Amino acid sequence: MMETARILSIYHDSVVDGEGLRTVIFFAGCPHYCKGCHNPRSWNIRNGKEMDVQQIVEEAWNPLTDITLSGGDPFYQAQAAASIARQLKELGKNIWAYTGWTIEELRENKDPHQLELLNYVDVLVDGPFILAERDLTLSFRGSRNQRIIEMGNE
């Protein structure tokens, strides 16, 4: 059986979703429901289009860009996201991922797919968006509580 993921969109040539020029895979589905979210349409996994993992990798592949996993929350579809990240990592890509969970919560959850996904992520932007801590001067994150964590997986 083909492995699939629910994807909202794949956006090419972003400069705001991580360092350098990036291709962003927006996963559908998010359990965090952050007040002030810039993409509340992403909360409902049914808003995504079901795509084969191999198709996602092929569409995201670009020799000039690195990869960002966003959403929604890619850790909500961690099994498929880990497969996508593994294949893109094997192609030499630097991978950023955004999640509403903190890294501590992901590790405490002990979900094997979430932990596997963490293994392929070079930079994790963690924590929920908190409207009261929104700061438009921050690079690559929306609120002051969110952290940019170098994972050391390169």
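Scroll up for the structure.
None of these values were measured; they are calculated from a predicted model.

Peer 1: Would you take a moment to explain the packing of helix H2 (residues 78–90) against helix H4 (residues 112–120) for this structure?
Peer 2: Two packed helices can be described by the angle between their axes and the distance between those axes. Between H2 and H4, the least distance of the axes is 8 Å, while the angle of their chain directions is 25 degrees. Judged by the angle between their axes, H2 and H4 are roughly parallel. The interaxial crossing formed by H2 with H4 has left-handed handedness. Touching Ala 78, Gln 79, Ala 81, Ala 82, Ala 85, Arg 86 and Lys 89 of H2 are His 113, Gln 114, Glu 116, Leu 117 and Tyr 120, all from H4.

Peer 1: What is the right way to look at the sheet that holds strand S7 (residues 147–150) in this model?
Peer 2: Within a sheet, each strand pairs with its neighbour through backbone hydrogen bonds, oriented either parallel or antiparallel. Here seven strands make up an open sheet; going across it, the order is S3-S1-S2-S4-S5-S6-S7 and the pairing mixed. In this open sheet, the two edge strands, each paired with only one partner strand, are strand S3 (49–52) and S7. When strand polarity is set aside, the average angle formed by the axes of neighbouring strands in this sheet is 30 degrees. Examined bridge by bridge, strand S1 (residues 4–14) and strand S2 (residues 22–27) share five bridges and lie antiparallel to one another. By the bridge assignment for S2, Ile 7 is matched with Phe 27. Its contacts with the sheet put H2 on S1, S2, strand S4 (66–71) and strand S5 (95–98), and the angle it makes with S2 is roughly 165 degrees.

Peer 1: What am I meant to see in the packing of helix H1 (residues 53–60) against H2 here?
Peer 2: Two numbers describe how H1 lies on H2: the axes approach to 10 Å, and their chain directions differ by 45 degrees. The angle between H1 and H2 falls in the class oblique. Considering the relative orientation of H1 and H2, their crossing is right-handed. Between H1 and H2, the contacting residues are Val 53, Gln 54, Ile 56, Val 57 and Ala 60 on the first element and Ala 80, Ser 83, Ile 84, Gln 87 and Leu 88 on the second. Its residues placed into classes, the contact of H1 with H2 shows seven nonpolar, three polar and no charged.

Peer 1: Can you help me understand the pattern of salt bridges in this one?
Peer 2: Side chains carrying opposite charge are able to pair once their charged atoms draw close together. Under the defined criterion, the tally for this structure stands at five salt bridges. With its nearest N and O atoms 2.6 Å apart, the salt bridge here joins Glu 104 to Arg 147. Separated by 43 residues along the polypeptide, Glu 104 in helix H3 (residues 103–109) and Arg 147 in strand S7 bring together distant segments of the chain. You can call Arg 147 partly exposed: its relative accessible area is 33%. One salt-bridge network, in which partners are shared between bridges, spans Glu 104, Asp 126 and Arg 147.

Peer 1: Could you clarify how one ought to interpret the nonpolar core in this entry?
Peer 2: Side chains that are nonpolar tend, in soluble globular proteins, to be buried together. With 31 residues, the main nonpolar core has Ile 25, Leu 69 and Leu 124 as its most contacted residues. When contributions to this core are tallied by element, the ones reaching two or more residues are S1, S2, H1, S4, H2, S5, H3 and H4. When residues of this core are assigned to their parent elements, the largest contribution, six residues, is made by H2. Among residues more than four places away in sequence, those in contact with Leu 124 are Phe 75, Ala 97, Thr 99, Ile 103, Leu 106, Leu 118, Arg 147, Ile 148, Ile 149 and Met 151.

What counts and what doesn't
Residues numbered from 1 in each chain as written. Predicted model: local features only at pLDDT ≥ 70, side-chain atom pairs only at ≥ 80, totals over all residues. Heavy atoms only, no water. Axes fitted to C-alpha atoms, helices over the stretch in contact; angles between N-to-C directions. Helix = DSSP H or I, 4+ residues; strand = E, 2+ residues; numbered from the N terminus. Parallel < 35°, antiparallel > 145°, perpendicular 65-115°, else oblique. Left-handed = near helix turned anticlockwise from the far one by under 90°. Contact = heavy atoms within 4.5 Å. Pairing = 2+ DSSP bridges. Nonpolar A, V, L, I, M, F, W, Y, C, P; charged D, E, K, R; others polar. Salt bridge = Lys/Arg side-chain N within 4 Å of Asp/Glu carboxyl O. Buried < 20%, exposed > 50% of the residue type's maximum accessible area, 1.4 Å probe, protein only. Core = buried A, V, L, I, M, F, W, Y, C linked by side-chain atoms within 4.5 Å.

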